[in-house]
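As a plain string of letters, each chain reads:
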Amino acid sequence: MGDMNEQDIEKMATLVAHKTAEEMLERLGIDIENVRESQADFAHLRKQRLASEQIGKLTTRVVLSVAITSLLSLLVMGIKEHLK
C-alpha cells in the first residue's frame, strides 16, 4: 500500500462504499437496477401509511363522538324522567 497515492486510495474507498451500499440495498430487497420502480414502491407505502394513520384518527373521533352523544342522551332522558 506504500506505492498508492491519495487519488488511488480515494478511488478504492469510493468503489468499496458503492459496493457496500449496493449489497445493503439488495439485502433489503430493493432493486438497484430499477430505481424509479423502487421509488414508486416507497411512495405507495408512504401513502398507505398516511391513510392508515388518518383512518386511526378518524376512528378515535367517531368512537369518542358516539360515547359523548350516548352520555348526553342518557342525561337528557334522565332529566325528562325526573321532571315527569
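Above: the structure in question.
Let me sum up the structure you'll find in this document. (Residues numbered from 1 in each chain as written. Predicted model: local features only at pLDDT ≥ 70, side-chain atom pairs only at ≥ 80, totals over all residues. Heavy atoms only, no water.)

**Considerations on the overall build of the protein chain**
Here comes step 1: Each helix and strand counted, the protein chain has two helices and zero strands in total.
Here comes step 2: Against the globule reference of 12 Å for 84 residues, the protein chain gives a C-alpha radius of gyration of 30 Å, more extended than a compact globule.
Here comes step 3: If you line up the protein chain on its principal axes, its C-alpha atoms span 105 × 30 × 15 Å.
Here comes step 4: In the protein chain, buried positions account for 1% of the 84 residues.
Here comes step 5: A total of about 8100 Å² of accessible surface is found on the protein chain, and carbon and sulfur atoms cover 62% of it.
Here comes step 6: Of the charged side chains in the protein chain, 11 are positive and 13 negative, and the gap between their average positions amounts to 21 Å. (Helix = DSSP H or I, 4+ residues; strand = E, 2+ residues; numbered from the N terminus. Rg over C-alpha atoms; globule rule 2.2 N^0.38 Å. Buried < 20%, exposed > 50% of the residue type's maximum accessible area, 1.4 Å probe, protein only. Areas by Shrake-Rupley, 256 points an atom, 1.4 Å probe, with all protein chains shown as cover. Lys, Arg positive; Asp, Glu negative; His and termini not counted. Charge placed at Lys NZ, Arg CZ, Asp CG, Glu CD.)

**As for helix H1 (residues 6-27)**
An α-helix turns once every 3.6 residues. As a result, residues three or four positions apart point the same way.
Here comes step 1: A rise of 1.5 Å per residue sets the reference length of H1, with its 22 residues, at 32 Å; its end C-alpha atoms lie 31 Å apart and thus fit the reference within 8%.
Here comes step 2: Here H1 starts with a cap whose side-chain oxygen sits 3.2 Å from the backbone nitrogen of Gln7, and that cap is Asn5.
Here comes step 3: Of the residues trailing H1, Gly29 is marked for its positive phi of about 85°. (Expected span 1.5 Å × (residues − 1). Polar contact = N/O pair within 3.5 Å; in protein donor to acceptor, adjacent residues only side chain to side chain.)

**Considerations on the environment of Asp31**
Here comes step 1: With respect to the secondary-structure elements, Asp31 resides in the loop between H1 and helix H2 (35-83).
Here comes step 2: We classify Asp31 as partly exposed; its relative accessible area is 39%.
Here comes step 3: For Asp31 and Gln54, which are 23 residues apart along the polypeptide, the C-alpha to C-alpha distance reads 30 Å.
Here comes step 4: Within the structure, Asp31 has its side chain in polar contact with the backbone nitrogen of Glu33 (distance 3.2 Å).

**A word on the pattern of salt bridges**
Here comes step 1: Per the stated rule, a full pass over the model turns up two salt bridges.
Here comes step 2: Between Lys19 and Glu23 there is a salt bridge, with the nearest N and O atoms lying 4.0 Å from each other. Of this pair, Lys19 and Glu23 both sit in helix H1, four residues apart, which is roughly one turn of that helix.
Here comes step 3: Looking at Lys19, the relative accessible area reads 49%, which means it is partly exposed.
Here comes step 4: Using a relative accessible area of 35% as the deciding quantity, one classes Glu23 as partly exposed.
Here comes step 5: Salt-bridge contacts for Arg49 lead to Glu53; the nearest nitrogen and oxygen are separated by 3.0 Å. Within this pair, Arg49 and its partner Glu53 are both found in helix H2, separated by four residues, close to a single helical turn.
Here comes step 6: By relative accessible area, which is 39% here, Arg49 ends up partly exposed. (Salt bridge = Lys/Arg side-chain N within 4 Å of Asp/Glu carboxyl O.)

**Side note on the side chain of Ser38**
Here comes step 1: Take Ser38: it is sitting in helix H2.
Here comes step 2: Note on Ser38: relative accessible area 10%, which makes it buried.

**Considering a nonpolar patch on the surface**
Here comes step 1: A surface patch of nonpolar side chains, about 620 Å² in accessible area, is lined by Leu64, Ile68, Leu72, Leu75, Ile79 and Leu83.
Here comes step 2: In this structure, Leu64 sits in helix H2.
Here comes step 3: Here Leu64 falls in the exposed class, since its relative accessible area comes to 52%. (Patch = residues over 30% accessible without salt bridge, like charges linked within 9 Å, V, L, I, M, F, W, Y side chains within 5 Å.)

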